[in-house]
Protein chains: 2
Amino acid sequence: MSKVYLKNDDMPKQWYNILADLPTPMDPPISPFTGKHVTFDEMKAIFPPHLIEQEMSIQKWIDIPEKVLDVLSIWRPSPLIRAKRFEELLGTPAKIYYKYEGVSPAGSHKPNTAVAQAYYNKINGIKRLTTETGAGQWGSSLALACKMFEMECRVYMVKISYYQKPYRKSFMRLFGAEVIPSPSEMTNSGREVLKRNPDSNGSLGIAISEAVEEAANRQDTNYALGSVLNHVLLHQTVIGLEAIKQFDIIGDYPDNIYASCGGGSNFGGIAFPFLEKKLKGIKDVKAIAVEPSSCPTLTKGVFEYDYGDEAKLTPIMKMYTLGHDFEPPAIHAGGLRYHGDSPIVSYLYNKGIIGAESVQQSEVFKAGLMFAQSEAIVPAPESAHAIAAVIKEALRCKETGESKTLLICLSGHGFFDMGSYDAYLDGKLSDYEYPEEAIQESLKHLPKI
Amino acid sequence: MSKVYLKNDDMPKQWYNILADLPTPMDPPISPFTGKHVTFDEMKAIFPPHLIEQEMSIQKWIDIPEKVLDVLSIWRPSPLIRAKRFEELLGTPAKIYYKYEGVSPAGSHKPNTAVAQAYYNKINGIKRLTTETGAGQWGSSLALACKMFEMECRVYMVKISYYQKPYRKSFMRLFGAEVIPSPSEMTNSGREVLKRNPDSNGSLGIAISEAVEEAANRQDTNYALGSVLNHVLLHQTVIGLEAIKQFDIIGDYPDNIYASCGGGSNFGGIAFPFLEKKLKGIKDVKAIAVEPSSCPTLTKGVFEYDYGDEAKLTPIMKMYTLGHDFEPPAIHAGGLRYHGDSPIVSYLYNKGIIGAESVQQSEVFKAGLMFAQSEAIVPAPESAHAIAAVIKEALRCKETGESKTLLICLSGHGFFDMGSYDAYLDGKLSDYEYPEEAIQESLKHLPKI
């Protein structure tokens, strides 16, 4: 009996805002148009006031609206599960737990923020949201969130994923969203890219440009981002807040926390509430962001101001980056193919408050398969990055005899990623060299601040 | 806050055996080879002793082994959820609840019995299981159950589904199972069918023949069935037993229960524990088995002895049947394309203890879409049959003003069925005429008992 449930009533009623607890202020975002700090009014072109307030707030606890809680309660609280069979398979004395976000209707943690974002836009009179999506998890989440609040939704989907994951597209369509492969001919940003490279696989950066451009140009339309920004990570803290309550119930506490890291939202979601106790000196914890070797933002990038998107439409943020025009190889974890990272996660890594590791694609699928065959749950390739890192630590514990408590954020299931598991089983999945030259080239184009 | 969870400790520790409470004994199965009642020894060719005992037992409560509970606890107890948004969409005064079995690792209720069957075979020294699968849900479930107990698994998959649901195949493969499109050249039964009709879409009846034939011919190999048989329905009663506890918690009780019905296992699983109270005169309930118009076993079949499979290898059972060589049209709910039905469900229907309805394919997908767009959960096409029937009753309640309590067994999610939702949205899904002639022809071939 290894699963720890909470009741609906135990759901967190407030989000935790880590900005309130940082030792020093973060560097503010800068407008790509004025070169000055981004103002509230500038952000109003694409975001509703509540979300802009949350983006800038240093209030420690922020109330979750009743109507957001009501939709979240369809699948939340999510279970915390002890991975006993996986521990046995590894022969490790470490205790491995996973917080399973795959129980959400879209199969990942992404609806936690999608629902909140749709709600705040709705109450501000917005009729329509645009967004980008990589593997399709974010687009699916926003599509269903929009449907819950009777809003329209258009999703620019990274082209490689659009063709690799046809059922993700179907899922969005089922929830009434319109799905456009990006780069597209529908925006200036898309047309620019296609002119340079008609065969572009697309990237999150390009898709963001398209979605932002459209939102900025239409009065009834706003933009929603699935990761990176402060308010997005804020909404995801329900994951870690629940996990803390669940560890309380079983009388344990994680030594290490592992989460995959693309833009940083599932990492922030699980880690920040634990980091509160670390920052206050109450309880230590080692939080490790795990990223693909082919897109090693934290481990090989630079901590500089950079654009969030290809077309330089989003604010310039201080973050670890590989350069805004870096196009990572088409790995099977589309959700982790982002050139930058959450400014908060970047700040924490730069200060040495959190750690980061990168793993190769073949390790990732091997880890996913081992986890599935022991725990019966098929992890999304994104989530399997965290599992790959846990395996290394669990095997280290086996050598030293340490019985550490390790926590994974299992951010989503792999039901829509069967094609990539097939490719792995068929031996068709290659690892990627660290794209040194492409990154060096791309880093030459950082903005001058 | 509309979700009722139970704790791991609240999981039922015993299965409920409805055979103990039937007003009269059921007609026994008959051997296709001797024409006499099937003996324990004859069943030993393909089943382990524990399961044969359960198949024949009239003991009311049967202990669930600790190791089975341990695996079930990965996802059980499953949530009971009030479908408030769906009620609002329908504008009904009825209260609609769904018991959501899609939280299992295979995405349906099927692992409830797969795990038990794999366990009993394992402790009897069996190394390998064969089975058939329609939509792939049962094959996926047995594949993962076999992997949990380190057994081998071969799945004969109905050919039409093999090509319609490639990711189901990948899922089984990921859990180490071998998947063969049926009819195949690997068995006499398969070769016979292919000789008559090289383009056969396959059917559950044919796939069962292939799997049984192989199991009967190999010492180390047994057969596992995903529905129909008494012990399978027994294992599924955890669904209804949990639901009763959950209704206790919220102080409600269903007036009507709806479940899709192919072989009868999700219907039996949710309904039998409630029927116990009905049979004892403690509390009335209307349990309705919902089937596709294209394969209307209960509503248009005959209650006679018939073979469970195409090749006449399984015991002859008294059940509602369309004839063992009836091949239903290739509808998008492969799990409901079975010519017969559970003998217990058939008995209950014949005695008027339960009801049955049939629904058209287009109603089913319309219902699935309405449910998804209001409740955010995409139902499997099988489960959407139950939803289609609930909609009718909920709209009737709207006219009469009744606030009945309606319970759906939402037996699985539709993440692997996106192709069929696409077909529906594209207007490519046709309804099927009631296949009167094919059924009349097929009914001519019932065995003479």
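Shown above is the structure to which this text applies.
Okay, so let's go over this structure. (Residues numbered from 1 in each chain as written. Chains lettered and ligands numbered in written order. Predicted model: local features only at pLDDT ≥ 70, side-chain atom pairs only at ≥ 80, totals over all residues. Heavy atoms only, no water.)

1. Observations regarding the side chain of A:Asn256
Residues and elements named next belong to chain A. Condition: Runs of E in the DSSP output that reach at least two residues are strands. Runs of H or I that reach at least four are helices, and both are numbered from the N terminus. Throughout, exposure labels follow a simple rule: accessible area from a 1.4 Å probe, protein chains only, divided by the maximum for the residue type, with under 20% read as buried, over 50% as exposed, and the rest as partly exposed. Side-chain atoms alone can form a polar contact between residues adjacent in sequence; in general such a contact is a pair of N or O atoms within 3.5 Å, and within protein one must be able to donate a hydrogen while the other accepts it. We call two residues in contact whenever any of their non-hydrogen atoms come within 4.5 Å of each other.
As for its placement among the helices and strands, asparagine 256 is situated in strand 10 (residues 256-260). We classify asparagine 256 as buried; its relative accessible area is 2%. A distance of 3.0 Å separates the side chain of asparagine 256 from the side chain of tyrosine 258, its partner in a polar contact. Those residues in contact with asparagine 256 that lie beyond four places of it in its chain are Lys286, Ile288, Glu393, Lys404, Thr405, Leu406 and Leu407.

2. Some remarks on the interface of chain A and chain B
The test is simple: For any pair of parts, buried area is found by adding up, for both, the accessible area (1.4 Å probe) each one loses once the two are put together. Salt bridges, as used here, are contacts in which a Lys or Arg side-chain nitrogen is within 4 Å of a carboxyl oxygen on Asp or Glu.
If you look at the interface, chain A gives 50 residues, while chain B gives 50 residues. Both faces combined, the contact of chain A with chain B buries some 4,600 Å², and carbon together with sulfur accounts for 60% of it. Counting every contact that joins chain A to chain B gives six salt bridges. Note that A:Asp422 is salt-bridged to B:Arg173, the shortest N-O span being 3.0 Å.

3. Examining the sheet that holds strand 10 of chain A
Residue and element names in this part refer to chain A. Selection rule: Two strands pair if DSSP finds at least two bridges between them.
Ordered in space as 1-4-5-15-10-11-14, the seven strands form an open sheet in which the pairing is mixed. The open sheet terminates on both sides in strands that have one partner only, identified here as strand 1 (3-4) and strand 14 (355-359). Judged from the two bridges that link them, strand 1 and strand 4 (residues 80-82) form a sheet pairing that is antiparallel. Across the sheet, valine 4 pairs through a bridge with leucine 80, a residue of strand 4.

4. Side note on the relation of the copies chain A and chain B
Threshold: Only residues with pLDDT of at least 70 in both copies contribute their C-alpha atoms to the least-squares superposition of the copies.
Expressed as a screw operation, the relation of chain A to chain B combines 0.0 Å of axial shift with a rotation of 180°, fitting to an RMSD of 0.0 Å. In short, the pair behaves as if placed about a two-fold rotation axis. A high fraction, 100%, of the interface residues of chain A reappear at the interface in chain B, so the copies pair face to face through one surface.

5. Things to note about the side chain of A:Lys165
All names here are of chain A. Here lysine 165 shows up in the loop between helix 7 (159-164) and helix 8 (166-174). Taking relative accessible area as the criterion, lysine 165 reaches 5% and is therefore assigned buried. Among all residues touching lysine 165, those that are not within four sequence positions of it are Ala135, Met157, His332, Phe416 and Asp417.

6. Structural notes on helix 6 (residues 137-148) of chain A
All names here are of chain A. For the record, the criterion: An expected span of 1.5 Å times one less than the residue number is assigned to each helix.
The first and last C-alpha atoms of helix 6 sit 17 Å apart over twelve residues, in line with the 16 Å expected at 1.5 Å per residue. Counted residue by residue, helix 6 has eleven buried out of twelve residues, so it is predominantly covered. Along helix 6, the residues that are buried comprise Gln137, Trp138, Gly139, Ser140, Ser141, Leu142, Ala143, Leu144, Ala145, Cys146 and Met148. Backbone geometry just downstream of helix 6 places glutamate 150 in the positive-phi region, at approximately 55°.

7. Topic: unusual backbone geometry
All names here are of chain A. Proline 77 follows arginine 76 through a cis peptide bond whose omega is -5°. Its location among the elements puts proline 77 in the loop between helix 3 (66-72) and strand 4. The phi dihedral of glutamate 150 falls on the positive side, at around 55°, and the residue is not glycine. Along the chain, glutamate 150 falls in the loop between helix 6 and strand 7 (152-158). Looking at glutamate 150, the relative accessible area reads 69%, which means it is exposed.

8. A closer look at the packing of aromatic side chains
Selection rule: Centres within 6.5 Å make a pair out of two Phe, Tyr or Trp rings, where for Trp the six-membered ring is used; the pair is then stacked when the planes are under 30 degrees apart, edge-to-face when over 60, and tilted otherwise. Here, a charge over a ring is recorded when the distance from Lys NZ or Arg CZ to the ring centre is within 6 Å and its angle to the ring normal is within 35 degrees.
Per the stated rule, a full pass over the model turns up 41 aromatic pairs over all chains. Seen in terms of ring centroids, A:Tyr98 and A:Tyr100 are 6.3 Å apart; in terms of plane orientation they differ by 75°. Their pairing is edge-to-face. A relative accessible area of 0% means that A:Tyr98 is categorised as buried. On the basis of an interplanar angle of 65° and a centroid distance of 5.4 Å, the ring pair of B:Tyr119 and B:Tyr120 is categorised as edge-to-face. Given a relative accessible area of 14%, B:Tyr119 falls into the buried group. Classification of B:Tyr120 by relative accessible area gives buried; the value is 4%. Put simply, the rings of A:Phe171, A:Phe175, A:Phe415, A:Phe416, B:Phe171, B:Phe175, B:Phe415 and B:Phe416 pair up and form one aromatic cluster. Between A:Lys283 and the ring centre of A:Tyr253, over which it is positioned, the NZ or CZ distance is 4.2 Å. A cation over a ring is seen here: B:Lys169 above B:Tyr162, with NZ or CZ 4.3 Å from the ring centre.

9. Some words on the sheet that holds strand 8 (residues 178-182) of chain B
The pairing of strands in a sheet happens through backbone hydrogen bonds and is either parallel or antiparallel. Residues and elements named next belong to chain B. How we decide: The convention used is that axes are lines fitted to C-alpha atoms, helices contributing only their stretch in contact, and that angles between N-to-C directions extend from 0 to 180 degrees.
One open sheet holds the four strands; their spatial order is 8-7-6-9, and the pairing between them is parallel. Looking at which strands have only one partner, the edges of the open sheet turn out to be strand 8 and strand 9 (221-223). Adjacent strand axes in the sheet meet at a mean angle of 25° when their direction is disregarded. Helix 6 (residues 137-148) rests against strand 6 (128-133) and strand 7 (152-158) of the sheet, and its axis sits at about 165° to strand 6.

10. Digging into the pairing of strand 10 (residues 256-260) of chain B
Residue and element names in this part refer to chain B. Using the following cut-off: Orient the strands so they point away from the viewer, and a crossover whose first-strand-to-second-strand path over the helix runs clockwise is right-handed.
Counting buried positions along strand 10 yields five of five residues, so the element is predominantly enclosed. With burial as the criterion, each face of strand 10 is covered, one bearing Asn256, Tyr258 and Ser260 and the other bearing Ile257 and Ala259. Between the parallel pair strand 10 and strand 11 (residues 286-292), the chain is carried across by helix 13 (residues 265-279), and the sense of this crossover is right-handed. Pairing between strand 10 and strand 15 (residues 405-410): three bridges, direction parallel. Bridge pairing in strand 15 places tyrosine 258 opposite isoleucine 408.

By themselves these figures say nothing about function.
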